[in-house]
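Examining the three-dimensional arrangement
Given next are the chains, with one letter for each unit.
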Amino acid sequence: MQTIDLNVLGLKDGQRALDLGCGAGRHVHAMYYHAECHVVGIDLGFEDVRRTREGFGTCPDMDPETKRAFSLSVGNALSLPFPDASFDKIICSEVLEHIPDYGQALNEIHRILKPGGTLAVSVPRFWPEWVCWLLSDDYHNEPGGHVRIFREGELKGAVESRGLSFFHRHFAHGLHSPYWWLKCAVGVKREDVKIVNLYKRFLEWDILQAPWLTRTLEKIAGPLMGKSVVLYFQKGAA
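Residues numbered from 1 in each chain as written. Predicted model: local features only at pLDDT ≥ 70, side-chain atom pairs only at ≥ 80, totals over all residues. Heavy atoms only, no water.

**A look at the pairing of strand β4 (residues 87–93)**
What counts here: Between buried and exposed lies partly exposed: a residue is buried under 20% and exposed over 50% of the maximum accessible area for its type, with that area taken using a 1.4 Å probe on protein chains only. For helices the rule is a DSSP run of H or I covering at least 4 residues; for strands it is a run of E covering at least 2, with both sets numbered from the N terminus onward. DSSP bridges decide pairing: two strands pair if at least two such bridges lie between them.
Across the seven residues that make up β4, a large majority, seven, are buried. Judged from the three bridges that link them, strand β1 (residues 16–20) and β4 form a sheet pairing that is parallel. Within the sheet, the bridge partner assigned to Leu18 lies in β4 and is Ile90. With six bridges joining them, β4 and strand β5 (residues 113–124) adopt parallel strand pairing.

**Notes on the pattern of salt bridges**
Quick reminder of the rule: Here, a salt bridge means any side-chain nitrogen of Lys or Arg that lies within 4 Å of a carboxyl oxygen of Asp or Glu.
The full count for this structure, using the stated rule, is 13 salt bridges. We note a salt bridge from Arg50 to Glu54, for which the minimum N-O separation is 2.4 Å. Of this pair, Arg50 and Glu54 both sit in helix α3 (residues 46–58), four residues apart, roughly one helical turn. Residue classification places Arg50 among the partly exposed positions, given a relative accessible area of 32%. In this structure, Glu142 engages Lys189 in a salt bridge whose closest nitrogen and oxygen atoms are separated by 3.1 Å.

**Description of the packing of helix α2 (residues 26–34) against α3**
Quick note on the threshold: Fitted lines through C-alpha atoms give the axes, limited to the stretch in contact for helices. The angle between two N-to-C directions lies from 0 to 180 degrees. Between 65 and 115 degrees an angle is taken as roughly perpendicular, under 35 as roughly parallel, over 145 as roughly antiparallel, and anywhere else as oblique. By definition, any crossing whose near helix is turned counterclockwise from its far helix by less than a right angle is left-handed, and any crossing with a clockwise turn is right-handed. Residues are treated as being in contact if the distance between any of their heavy atoms lies within 4.5 Å. Just so you know the grouping, Ala, Val, Leu, Ile, Met, Phe, Trp, Tyr, Cys and Pro go in nonpolar, Asp, Glu, Lys and Arg go in charged, and all remaining residues, Gly too, go in polar.
Running from N to C, α2 and α3 point in directions that differ by 40°, and their axes come no closer than 10 Å. Here α2 lies oblique to α3, going by the angle between them. By crossing handedness, the relation of α2 to α3 is classed as right-handed. In contact with Val28, His29, Tyr32 and Tyr33 of α2, α3 contributes Thr52, Gly55 and Phe56. Of the residues that constitute the contact of α2 with α3, the class distribution is four nonpolar, three polar and no charged.

**Digging into the packing of aromatic side chains**
Centre distance and the angle of the planes are the two values used to describe a pair of aromatic rings. Put simply, the rule reads: The aromatic pairing rule takes the rings of Phe, Tyr and Trp, using the six-membered ring of Trp, and pairs them if the centres are within 6.5 Å, calling planes under 30 degrees apart stacked, those over 60 edge-to-face and the rest tilted. The rule is short: NZ of Lys or CZ of Arg within 6 Å of the ring centre and within 35 degrees of the ring normal puts a charge over the ring.
For the structure shown, the criterion picks out 14 aromatic pairs. With a centroid separation of 5.8 Å and 65° between ring planes, the pair formed by Phe166 and Phe233 is classed as edge-to-face. Taken together, the residues Phe166 in strand β6 (residues 164–172) and Phe233 in strand β7 (residues 228–235) connect sequence positions 67 residues apart. What makes Phe166 partly exposed here is its relative accessible area of 28%. Measuring from ring centre to ring centre gives 6.1 Å for Phe167 and Tyr232, while their planes differ by 50°; the resulting arrangement is tilted. Of this pair, Phe167 sits in strand β6 while Tyr232 sits in strand β7; the two residues are 65 residues apart in sequence, bridging distant segments of the chain. Judged by relative accessible area, Phe167 falls into the partly exposed class, the value being 42%. Tyr232 gets classed as buried once you look at its relative accessible area, which sits at 0%. An aromatic cluster of at least three residues, connected via ring pairs, comprises Tyr139, Tyr179, Trp180, Tyr199, Phe202 and Trp205. If you follow Arg125 out to its NZ or CZ, it ends over the ring of Phe171, 3.7 Å from the centre.

Printed below as a string of structure tokens:
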């Protein structure tokens, strides 16, 4: 389930790109096959990094002369193990809402992003997320769970205050919001609710098959109730 539009990000051959908080590697894998670039994934959890590595075994690059490369690491967003100005592109998707000191994470992003580089950041959109919090404390009150609900202007201002210029926004995963509202309403830890399980199967089918009907519905639902807001920024030239 890809949240960031790599065409808007502007990922090109020969560039170096970071997925900060890569999870199971959805954007790491997408970037690797999008361009002949060097993709780096980093996450706080070793198991997530391991799953990202396994994903390359599931879908290997069959070109023996490929110019693509990937690197994976365990690390903390508050103190990233990379030199200054070392990435052309950075993705930080569904990460900042988990970090109490998200400002320090933004400082680190600014430090390692090259002048002229591009950042794509996504967080849960305010009002769909607010509904989830209203319906269920268990939704966010978990170790490593969401510690805040971002207002778009708050996040946009925080990034811009560090010298990056906003240039594009879109919403993603409009069809996913009702699933989470249903799950929060019946209990996020319950696995025995038929309507929730049926909706989950529908979403999995949509991700795998991407039929024109659901892609059309997503285009309509995204601006109305997209689960995520995605913001794109560019760092000024030196």
